[in-house]
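One-letter residues, chain by chain:
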Amino acid sequence: MSIYDSIEEAAKELYIRALKDIPADVRAALDRGLRAEQQSGNTTAEQVLFTIIENIKVADEQDTLVCQDTGLPVFRVRIGTALNVDGAEIESRLRIGCERATREYPLRSNTVHPLTRKPTHTNTGQGIPAVKLGFARGTDEIEIVMAPKGSGSENMSFLKMLNPADGRKGIKRFVVECVFESGARPCPPVILGVGLGGTSDVAMQLAKEASCFREIGSSNPDPDAAQLEAELLDLVNRTGLGPQGLGGATTALAVHVEWAHTHISHNPVAVNIQCWRGERARAVISADGGIRYGAS
Ligand code: SF4
């Protein structure tokens, strides 16, 4: 198999795996949420989390999808700089992989034209799959992480160009406002991604990285950002919104912050929400075309 054949095969397989096999860190976070609600005596929140966990078990046993929404395909690809590869061919094979997953599994297709609403029936189209390409120095491998993004959570995306004088307090206020605005629609408990700084588009990309591609429980290496993550998680869980918006202490499984430097007169804050499903799947392709699937 050529490296491009392997990329196509991995793209197909990752799309299906991400929808069926919830990552271990998400399962552990849901279990922690269930124990917390049991200890607090909130039987409604406990029942909702119990049902979510049962849903995952049934999907495991029946080898089927966890939720009906197969989302829009989103890939993060890191190409080793020791590899000499054709980036356009990589993008093309990712697209073909999504189309094959949709046809061969088969998956529900969600892609439509934004004006005519005409469906493509392939889960691909202009600009879709969304692909974020990056590079890793000193390796001859390609890492692909796939995170299908369902509509309930992706519809809850927000951007605000705050005033620099709004500072940390303004950032926190905006994030909590977004949580209230979202309510039950993104299927809480959520994974809340916050992107700070950069330009407006960079902030949105950082928020997506934070919500979809970070391991739950991981902290930002920057101590200020890590502290903000802890403060926001506490604030969001004190809203009382709870699992599926029915009340409780587990509104978010995690808050992840990613940041970039920004203009002296900018203060962009973006919020992207991932639902309890927290779906993502990872593969590493070696130079000889070998594929290793594994934890992301
Ligand atoms: S928000 Fe997530 S769990 Fe809820 S319906 Fe959409 S994909 Fe499914």
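Details of the structure are given in the entry above.
Undergrad: So what exactly am I meant to see when it comes to the overall build of the chain here?
TA: In terms of regular secondary structure, the chain is built from 8 helices and 9 strands. For the chain, the C-alpha radius of gyration of 19 Å lies close to 19 Å, the compact-globule estimate for 296 residues. Its C-alpha atoms give the chain principal-axis dimensions of roughly 55 × 50 × 45 Å. Within the chain, the proportion of its 296 residues that are buried is 49%. At a minimum sequence separation of 6, the contacts of the chain that also span at least 24 residues come to 80%. Taking the 32 positively charged and 37 negatively charged side chains of the chain as two groups, their mean positions are separated by 3 Å.

Undergrad: Explain the packing of helix α2 (residues 24-40) against helix α3 (residues 43-62) here, please?
TA: For any two helices packed against each other, one specifies the inter-axial angle together with the distance between the axes. Packing of α2 against α3 brings their axes to within 8 Å, and their N-to-C directions diverge by 150°. Considered as vectors, α2 and α3 are oriented roughly antiparallel to each other. The hand of the α2/α3 crossing is left-handed. Two secondary-structure elements touch here, α2 through Arg27, Leu30, Asp31, Gly33, Leu34, Glu37 and Gln38 and α3 through Ala45, Glu46, Leu49, Phe50, Ile52, Ile53, Ile56 and Asp60. The class makeup of the residues in the contact of α2 with α3 is 8 nonpolar, 2 polar and 5 charged.

Undergrad: What am I meant to see in the pattern of salt bridges here?
TA: Note on pairing: side chains with opposite charge can pair once their charged atoms come close. Per the stated rule, a full pass over the model turns up 29 salt bridges. Notably, a salt bridge pairs Glu279 with Arg277, separated by 2.7 Å at the nearest N-O pair. In this structure, Glu279 and Arg277 share a single accessibility class: buried.

Undergrad: Looking at this structure, how should I read the layout of surface pockets?
TA: If a probe as big as a water molecule is rolled over the atoms, it shows which places are left empty. In this structure, the largest pocket encloses a volume near 320 Å³. Every residue lining the largest pocket is counted, 16 residues in all, and those nearest its centre are Ile171, Leu196, Trp259, Ala260 and Asn267. Mapped onto the lining of the largest pocket, the elements with two or more residues apiece are α6 (167-182), α8 (223-237) and β6 (252-259). Taken together, the residues of the lining of the largest pocket sort by class into 8 nonpolar, 5 polar and 3 charged.

Undergrad: Please explain helix α1 (residues 3-20) as it appears in this structure.
TA: Side chains three or four residues apart in an α-helix point the same way, a direct result of the helix having 3.6 residues per turn. Helix length check: α1 (18 residues) gives 25 Å between terminal C-alpha atoms against 26 Å at 1.5 Å per residue, within 8%. Of all the 18 residues making up α1, 14 are buried; the element is thus mostly covered by neighbouring parts of the structure.

Undergrad: Any chance you could explain the sheet that holds strand β5 (residues 190-196) here in plain terms?
TA: The strands making up a sheet are joined through hydrogen bonds of the backbone, oriented either antiparallel or parallel. The 4 strands lie next to each other as β4-β7-β5-β6, forming an open sheet whose pairing is mixed. Here the strands that pair on one side only, and so sit at the sheet edges, are β4 (157-161) and β6. Between one strand axis and the next, the sheet turns by 15° as a mean value, whatever way the strands run. Pairing geometry for β5 and strand β7 (residues 268-274), over 6 bridges, is antiparallel. Directly across from Ile191, in β7, lies its bridge partner Gln274.

Undergrad: How should the site of the ligand be read in this particular structure?
TA: Close contacts around the ligand come from Cys67, Asp69, Gly152, Ser153, Pro186, Cys187, Cys275, Trp276 and Arg277, and that covers them all. Among the residues making up the shell around the ligand, the classes are represented as 5 nonpolar, 2 polar and 2 charged.

Undergrad: I would appreciate a short explanation of the packing of aromatic side chains in the present structure.
TA: When we look at a pair of aromatic rings, we describe it by the centre distance and by the angle of the planes. Counted according to the given criterion, the structure contains 0 aromatic pairs. The ring of Tyr293 has Arg17 sitting right over it, with the charged end atom 4.0 Å from the ring centre.

Undergrad: Explain the pairing of β6 here, please?
TA: Working note: regular strand, side chains alternate between the two faces of the sheet. Counted residue by residue, β6 has 7 buried out of 8 residues, so it is predominantly covered. As judged from the 7 bridges shared by β5 and β6, these two strands associate in the parallel manner. When the bridges of β6 are listed, Gly195 appears paired with Glu258.

Undergrad: In this structure, what is going on with unusual backbone geometry? I would like to understand it.
TA: Looking along the chain, the bond that leaves Tyr105 and enters Pro106 is cis, with omega of -5°. Turning to its location among the elements, Pro106 is positioned in the loop between α4 (87-104) and β2 (130-136). Between Pro188 and the following residue, Pro189, the backbone shows a cis peptide bond with an omega angle of 10°. Note that Pro189 resides in the loop between α6 and β5. One non-glycine residue, Arg117, lies in positive phi territory at about 65°. In this structure, Arg117 sits in the loop between α4 and β2. At Gln244, a residue that is not glycine, the phi angle is positive and equals roughly 55°. Looking at the element boundaries, Gln244 is found in the loop between α8 and β6.

Rules used in this analysis
Residues numbered from 1 in each chain as written. Predicted model: local features only at pLDDT ≥ 70, side-chain atom pairs only at ≥ 80, totals over all residues. Heavy atoms only, no water. Helix = DSSP H or I, 4+ residues; strand = E, 2+ residues; numbered from the N terminus. Rg over C-alpha atoms; globule rule 2.2 N^0.38 Å. Buried < 20%, exposed > 50% of the residue type's maximum accessible area, 1.4 Å probe, protein only. Contact = heavy atoms within 4.5 Å. Lys, Arg positive; Asp, Glu negative; His and termini not counted. Charge placed at Lys NZ, Arg CZ, Asp CG, Glu CD. Axes fitted to C-alpha atoms, helices over the stretch in contact; angles between N-to-C directions. Parallel < 35°, antiparallel > 145°, perpendicular 65-115°, else oblique. Left-handed = near helix turned anticlockwise from the far one by under 90°. Nonpolar A, V, L, I, M, F, W, Y, C, P; charged D, E, K, R; others polar. Salt bridge = Lys/Arg side-chain N within 4 Å of Asp/Glu carboxyl O. 1 Å grid on protein atoms, 1.4 Å probe; cavity = no way out; pocket = protein on both sides within 12 Å on 5 of 7 lines; lining within 4 Å. Points joined across faces, edges and corners; volume = space filled by probe spheres on them. Expected span 1.5 Å × (residues − 1). Pairing = 2+ DSSP bridges. Near = heavy atom within 4 Å. Phe/Tyr/Trp six-rings, centres within 6.5 Å; stacked < 30°, edge-to-face > 60°. Lys NZ or Arg CZ within 6 Å of the ring centre and 35° of its normal.

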